[in-house]
Amino acid sequence: MTPPLRVLVADDEPLARSGVAALLRQDPDLTVVGECGDGASAVEAIGRLRPDLVLLDVQMPELDGFEVLQRLEPGELPAIIFVTAYDKFAVEAFEVHALDYLVKPFDDARFAEAIGRAKKAIRGARAGEGAERLSGLLEQLAGGAPGGRWLGRIVVKTGGRVVLVRTEDIDWIEAADYCVKLHVEGKVHVLRESLQALEQRLDPARFFRIHRSGIVNLDRVTELQPFFKGEHIVVLQDGSKLKLSRGRRRELETRLAQAL
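Residues numbered from 1 in each chain as written. Predicted model: local features only at pLDDT ≥ 70, side-chain atom pairs only at ≥ 80, totals over all residues. Heavy atoms only, no water.

A. Geometry of the nonpolar core. Within the largest apolar cluster, 24 residues are counted, with the highest numbers of intra-cluster contacts made by Leu8, Leu56, Val68, Leu69 and Phe82. Residues within four places of Leu8 in sequence aside, it is in contact with Val33, Gly34, Glu35, Cys36, Ala42, Ala45, Ile46, Leu49, Pro51, Leu53, Val54 and Leu55. In terms of nonpolar packing, the next biggest core, distinct from the first, is built from 20 residues, Leu55, Val83, Phe111 and Ala121 among them. (Core = buried A, V, L, I, M, F, W, Y, C linked by side-chain atoms within 4.5 Å. Buried < 20%, exposed > 50% of the residue type's maximum accessible area, 1.4 Å probe, protein only. Contact = heavy atoms within 4.5 Å.)

B. Expanded view of the sheet that holds strand β13 (residues 221-226). With respect to topology, three strands assemble into an open sheet ordered β13-β14-β15, the strand pairing being antiparallel. Of all strands in the sheet, those with a lone pairing partner are β13 and β15 (241-244), marking the two edges. Each strand of the sheet is rotated relative to its neighbour by a mean of 30 degrees, with strand direction disregarded. In the sheet, β13 pairs with strand β14 (residues 232-236) via five bridges, with the strands oriented antiparallel. By the bridge assignment, Gln225 is partnered in β14 with Ile233. (Pairing = 2+ DSSP bridges. Helix = DSSP H or I, 4+ residues; strand = E, 2+ residues; numbered from the N terminus. Axes fitted to C-alpha atoms, helices over the stretch in contact; angles between N-to-C directions.)

C. Representation of the sheet that holds strand β2 (residues 30-36) within the structure. The strand order across the open sheet built from five strands is β2-β1-β3-β4-β5, with neighbouring strands paired in parallel fashion. Both outer strands of the open sheet, β2 and β5 (100-103), are each paired with one neighbouring strand and no more. Along the sheet, successive strands turn relative to each other by an average axial angle of 20 degrees, direction set aside. With four bridges connecting them, strand β4 (residues 79-84) and β5 associate as parallel partners. Counted as the bridge partner of Ile81 is Asp100 from β5. Together, β1 (5-10), β2 and β3 (53-57) form the strand contacts of helix α2 (residues 39-49), whose direction differs from that of β1 by roughly 170 degrees.

Keep in mind these values describe shape, not function.
Structure (structure tokens):
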């Protein structure tokens with residue numbers, strides 16, 4: 001007989017947590033080994049209980065779901081089903097890394113589907129694939145460029161939520177004190193990182209620093225306009241007009257020509 005899979009539930013909403021645990025206990029293939037109401041408790045419980053599967057709420061006090069994973073050693077990473085209330089855009093990004101995801105509120109059928117998929121993955125050949133997905137998420141959250149690649153997504157925490165921004169969707173990036181502002185299709189996302197640090201992780205074939213406080217997506221540049229005493233303005237597709245440092249004009253022209 002195959003022993004039941006050990007499952008941990010981490011959710012800061014008591015009713016949601018107890019409801020999920022009750023559903024899990026109906027499955028003879030699963031054993032609920034613990035319940036956690038915050039991120040710090042989840043980190044401790046995962047290290048102590050070594051569950052096979054964790055149903056992990058993304059938004060929790062003290063540490064959110066992403067920070068929980070960042071605190072774990074690679075050997076401690078269990079299979080993960082994200083539980084989230086986020087929009088479809090964010091869910092598509094989570095799907096790349098998790099075995100599955102559940103969007104609140106979910107019904108019993110969707111829950112059973114996610115659990116069934118997790119059981120097959122954990123006990124089958126896809127278990128290693130799940131570990132690789134989580135490792136990819138951790139590298140992304142740590143700000144690295146997995147496998148030598150440049151950032152494909154940027155994780156932005158705002159108002160208790162987590163938004164994943166695709167770098168290809170960024171129009172331009174603006175320095176703002178100790179943060180940067182990502183201008184994305186008419187929206188602005190604030191990221192707690194310096195412009196210089198972020199620049200080092202962006203693909204130089206796509207992004208160019210036009211002055212000390214601004215980086216543009218070369219795909220969004222439509223025109224260079226003369227301005228004042230040899231200076232120029234960079235015009236973007238959304239109509240933004242940004243000042244270009246005089247010493248950077250020739251390099252920008254060369255980069256734009258290479259991008260054609």
